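A look at the structure
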Amino acid sequence: QVRLVESGGGLVQAGGSLRLSCAASGRTFSSSFMGWFRQAPGKEREFVAAIRWGGGSISYADSVKGRFTISTNTRTTVYLQMNSLKPEDTAVYYCAQRLGTGMVETAREYDYWGQGTQVTVSS
């Protein structure tokens, strides 16, 4: 069983920064992928970024490229550094783990999910 717990959300002004953390416990396979998704009210959950635990593979949504950075430590925590935040970044941000092979950006391909953390960017 895998447990994912996000933290670091909050309220920030446009142009500001936040760093989200996702603490993983349980079976964190070295070949698995960790992803960040977000969901705004009335919208579908969308891909933000993903990384392979062992490194060597990272992907970003076009909307966050150059502003967000995903990283990991020794297979226990995944980070999402968010800079130059915009009001349209406001959403609940979820951490997820995919046990399958290959980098994917589709939420249904991820097997475990955290409870989410709210990020609100004011204009």
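My aim in this report is to walk through the structure given alongside it, one point at a time. (Residues numbered from 1 in each chain as written. Predicted model: local features only at pLDDT ≥ 70, side-chain atom pairs only at ≥ 80, totals over all residues. Heavy atoms only, no water.)

**Side note on the nonpolar core**
Side chains of nonpolar character tend, in soluble globular proteins, to be buried together. Here is the rule we go by: Buried Ala, Val, Leu, Ile, Met, Phe, Trp, Tyr and Cys residues form a nonpolar core when they are joined through side-chain atoms within 4.5 Å. Under the scheme applied here, a residue whose accessible area is under 20% of the maximum for its type counts as buried, over 50% as exposed, and between as partly exposed, the area being computed with a 1.4 Å probe on protein chains only. By definition, any uninterrupted DSSP run of H or I lasting at least four residues is a helix, any uninterrupted run of E lasting at least two residues is a strand, and each is numbered from the N terminus.
Within the largest apolar cluster, 32 residues are counted, with the highest numbers of intra-cluster contacts made by Trp36, Leu80, Met82 and Tyr93. Of all the elements in the fold, those that place two or more residues in this core are strand 1 (2-7), strand 3 (18-26), strand 4 (33-39), strand 5 (46-52), strand 7 (68-72), strand 8 (77-82), strand 9 (91-98) and strand 11 (117-122). Top element by residues in this core is strand 5. It accounts for five residues.

**Description of the packing of aromatic side chains**
What counts here: Between the rings of Phe, Tyr and Trp (Trp by its six-membered ring), a pair exists once the centres lie within 6.5 Å; its type follows the angle of the planes, with under 30 degrees stacked, over 60 edge-to-face, and the other angles tilted. By definition, being over a ring means that NZ of Lys or CZ of Arg is both within 6 Å of the ring centre and within 35 degrees of the ring normal.
Enumeration over the complete set of coordinates arrives at five aromatic pairs. With a centroid separation of 5.7 Å and 75 degrees between ring planes, the pair formed by phenylalanine 37 and phenylalanine 47 is classed as edge-to-face. You can see phenylalanine 37 sitting in strand 4 and its partner phenylalanine 47 sitting in strand 5, a full ten residues away along the chain. Their ring planes at 75 degrees and their centres at 5.0 Å tell us that phenylalanine 37 and tyrosine 110 sit as a pair that is edge-to-face. Highlighted residues: phenylalanine 37 in strand 4 and tyrosine 110 in the loop between strand 9 and strand 10 (112-113), separated in sequence by 73 residues. A relative accessible area of 0% places phenylalanine 37 in the buried class. A network of ring pairs unites the aromatic residues Phe37, Phe47, Tyr94, Tyr110 and Trp113 as a single cluster. Stacked on the ring of tyrosine 94, the Lys or Arg arginine 45 has its end atom at 3.8 Å from the ring centre. Here the basic side chain of arginine 45 rests over the ring of tryptophan 113, its NZ or CZ set 4.8 Å away from the ring centre.

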